[in-house]
Amino acid sequence: MKNEDAWVMSLAAQPLDIGQFVGESDQGAMARDLISRSDIIGLGAAEKRVIGSIVYGVRQFPYEMSVFDGVLSPEESLRVSKLVAILKLAQTLDKSRKQKISKLRCHLDEKEFVVTATTGKNIQLEKYFFQLNRDALKKVFGLEAKLRIKRTSL
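Residues numbered from 1 in each chain as written. Predicted model: local features only at pLDDT ≥ 70, side-chain atom pairs only at ≥ 80, totals over all residues. Heavy atoms only, no water.

S.K.: Run through the overall build of the protein chain, naming residues and quoting values.
M.R.: Tallying secondary structure elements over the protein chain gives six helices and three strands in all. The linear arrangement of helices and strands in the protein chain, starting from the amino end, is α-α-α-α-β-β-α-α-β. By the compact-globule yardstick of 15 Å for 154 residues, the protein chain fits well, its C-alpha radius of gyration being 16 Å. Considering only C-alpha atoms, the protein chain reaches an extent of 50 × 35 × 30 Å along its principal axes. For the protein chain, the proportion of its 154 residues judged to be buried stands at 38%. Expressed as a percentage of contacts within the protein chain between residues at least 6 apart in sequence, the contacts between residues at least 24 apart total 63%. Charged side chains of the protein chain number 25 positive and 19 negative; the gap between the two group centres comes to 9 Å. (Helix = DSSP H or I, 4+ residues; strand = E, 2+ residues; numbered from the N terminus. Rg over C-alpha atoms; globule rule 2.2 N^0.38 Å. Buried < 20%, exposed > 50% of the residue type's maximum accessible area, 1.4 Å probe, protein only. Contact = heavy atoms within 4.5 Å. Lys, Arg positive; Asp, Glu negative; His and termini not counted. Charge placed at Lys NZ, Arg CZ, Asp CG, Glu CD.)

Here it is in structure tokens:
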């Protein structure tokens, strides 16, 4: 991952819930529109469009790459698809927003991406959403995502 992609992903991760407070039925689209129309110092229109599209893509279920057609150039669409797949899976690991995982390790080989989470707490919610959202990684990168849980004593 390029430094610029890491920077864009960190910017996109912060406003993930922005659309839900407006009350629209399509919160992902509302978040995308709010970001792309906001004056954010240091970001141009193209960068805001990319970040808004990442937020929109993360909120979509099931994941579908075609939501970016017509909005983004083919290069931007590929970049956004990759970042959405990563961020979509990452956000599932703290779905309860209680930071239940004490240690996280990732291993990548040719066919699978293995995430090993160390915890002493119940992470059934995170496990459930990880299973639901791993298709994005499969569609974009062709990798099977697996979650392994290591238990620690309290």
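Right, picking up where we left off after that structure.
S.K.: Break down the nonpolar core for me, citing the residues and quoting the values.
M.R.: Formed by 30 residues in total, the largest nonpolar core has its most connected members in Ile54, Val80, Val84 and Phe130. Elements that contribute at least two residues to this core include exactly α1 (3-13), α2 (27-37), α3 (45-59), α4 (74-92), β2 (112-119), α6 (135-141) and β3 (144-151). Considering every element that reaches this core, the biggest residue donor is α4, with six residues. The contacts of isoleucine 54, once residues within four sequence positions are left out, are Val8, Ala12, Val80, Leu83, Val84 and Leu87. (Core = buried A, V, L, I, M, F, W, Y, C linked by side-chain atoms within 4.5 Å.)

S.K.: Lay out the packing of α1 against α3 with the relevant residues and their values.
M.R.: At their nearest, the axes of α1 and α3 sit 9 Å apart, and the two run at 60° to each other. As judged from the angle between their axes, α1 and α3 are oblique. The hand of the α1/α3 crossing is right-handed. Residue-level contacts link Trp7, Val8, Leu11 and Ala12 of α1 to Glu47, Val50, Ile51, Ile54 and Val55 of α3. Split into classes, the residues belonging to the contact of α1 with α3 amount to eight nonpolar, no polar and one charged. (Axes fitted to C-alpha atoms, helices over the stretch in contact; angles between N-to-C directions. Parallel < 35°, antiparallel > 145°, perpendicular 65-115°, else oblique. Left-handed = near helix turned anticlockwise from the far one by under 90°. Nonpolar A, V, L, I, M, F, W, Y, C, P; charged D, E, K, R; others polar.)

S.K.: Would you mind going over the pairing of β2 in detail, with residue names and values included?
M.R.: The buried fraction of β2 amounts to seven of the eight residues, a majority that puts the element mostly inside the structure. Bridge count for strand β1 (residues 103-108) against β2 is six bridges, and the pairing is antiparallel. Bridge assignment links leucine 104 to a residue of β2, and that residue is alanine 117. Connecting β1 to the next strand, β2, in antiparallel fashion are three residues. Bridging between β2 and β3 involves eight bridges; their strand directions are parallel. Bridge pairing links glutamate 112 to glutamate 144 in β3. (Pairing = 2+ DSSP bridges.)

S.K.: For the sheet that holds β2, give the residues involved together with the corresponding values.
M.R.: With mixed pairing, the three strands of this open sheet are ordered in space as β1-β2-β3. Two strands in the sheet have a free side with no partner beyond their single neighbour: β1 and β3. Pairs of neighbouring strands in the sheet enclose a mean axial angle of 15°, with direction left out of account. Contacts from helix α5 (residues 124-133) reach β2 and β3, with the element oriented near 165° to β3.

S.K.: Run through the environment of alanine 6, naming residues and quoting values.
M.R.: Relative to the assigned elements, alanine 6 resides in helix α1. Exposure remark for alanine 6: the relative accessible area of 36% places this residue in the partly exposed category. Taking the C-alpha atoms as reference points, alanine 6 and leucine 83, separated by 77 residues in sequence, lie 8.8 Å from one another.

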